[in-house]
Amino acid sequence: MAIINPYQTYQQNSVMTASPQELTLMLYSGSVKFIKLAKRAMNDKNFQEKNTNIIKAQNIIQELRSTLNADIDMSTDLEQMYEYMYSRLLEANMKNDLEALEEVETLMIDMRSTWKQAMALAKSN
């Protein structure tokens, strides 16, 4: 018999009941989390864990890219930004480049903050 983890159940319910806007925010937050874990692993010279967490962050970027609506002008700019961040994560992984990880982390934190502001503005209107 499987043991049910209440935290996992809560997380799963959070995702299943979230709006598309909240899901996007979760993706941004998840990418920041995985980049932080990759940085820690890189500093600890745990290259397997670094690789695993960078790949998770890259997968999130791919998911963000797949949600872009080509009919919206801003999507082209976001596509280019996501492509840049993805390639920088690839570089960070191959070259153990901490600066590249920190750059993508800063960009993701900025994007998450902007998204939060947009959500707040949408709620107030």
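Residues numbered from 1 in each chain as written. Predicted model: local features only at pLDDT ≥ 70, side-chain atom pairs only at ≥ 80, totals over all residues. Heavy atoms only, no water.

The next point concerns the environment of arginine 65. By the secondary structure assignment, arginine 65 is in helix α3 (residues 47–66). Between the C-alpha atoms of arginine 65 and glutamate 83, which are 18 residues apart in sequence, the distance is 8.3 Å. Not counting residues within four places of it along the chain, the set of residues in contact with arginine 65 comprises Glu79, Tyr82 and Glu83. (Helix = DSSP H or I, 4+ residues; strand = E, 2+ residues; numbered from the N terminus. Contact = heavy atoms within 4.5 Å.)

Ranked by size, the top nonpolar core spans 20 residues in total, and within it Ile35, Tyr82, Met85, Leu89, Leu101 and Met108 carry the most contacts. When residues of this core are traced back to their parent elements, those giving at least two are α2 (20–43), α3, α4 (74–95) and α5 (98–124). Excluding residues within four positions of it along the chain, tyrosine 82 makes contact with Tyr28, Ile61, Leu64, Arg65, Leu68 and Met111. (Core = buried A, V, L, I, M, F, W, Y, C linked by side-chain atoms within 4.5 Å. Buried < 20%, exposed > 50% of the residue type's maximum accessible area, 1.4 Å probe, protein only.)

This part is about the packing of α2 against α5. One way to put it is that α2 packs onto α5 with a least axis distance of 9 Å and a crossing angle of 160°. Considered as vectors, α2 and α5 are oriented roughly antiparallel to each other. As α2 packs across α5, the resulting crossing turns out to be left-handed. (Axes fitted to C-alpha atoms, helices over the stretch in contact; angles between N-to-C directions. Parallel < 35°, antiparallel > 145°, perpendicular 65-115°, else oblique. Left-handed = near helix turned anticlockwise from the far one by under 90°.)

In the predicted model, the protein chain carries a mean pLDDT of 91, and the fraction of residues at 70 or more is 89%. Across the protein chain, the secondary-structure element scoring lowest on mean pLDDT is helix α1 (residues 6–17), at 58, and the one scoring highest is α3, at 98. (pLDDT = per-residue confidence, 0-100.)

What follows covers the pattern of salt bridges. Summed over the entire model, instances satisfying the criterion amount to six salt bridges. For arginine 65, the salt bridge identified is with glutamate 83, shortest N-O distance 2.8 Å. On the criterion of sequence distance, the pair formed by arginine 65 in helix α3 and glutamate 83 in helix α4 is long-range, its members being 18 residues apart. Judged by relative accessible area, which is 35%, glutamate 83 ranks as partly exposed. In the salt-bridge network here, residues are joined through shared partners; they are Lys36, Lys39 and Glu105. (Salt bridge = Lys/Arg side-chain N within 4 Å of Asp/Glu carboxyl O.)

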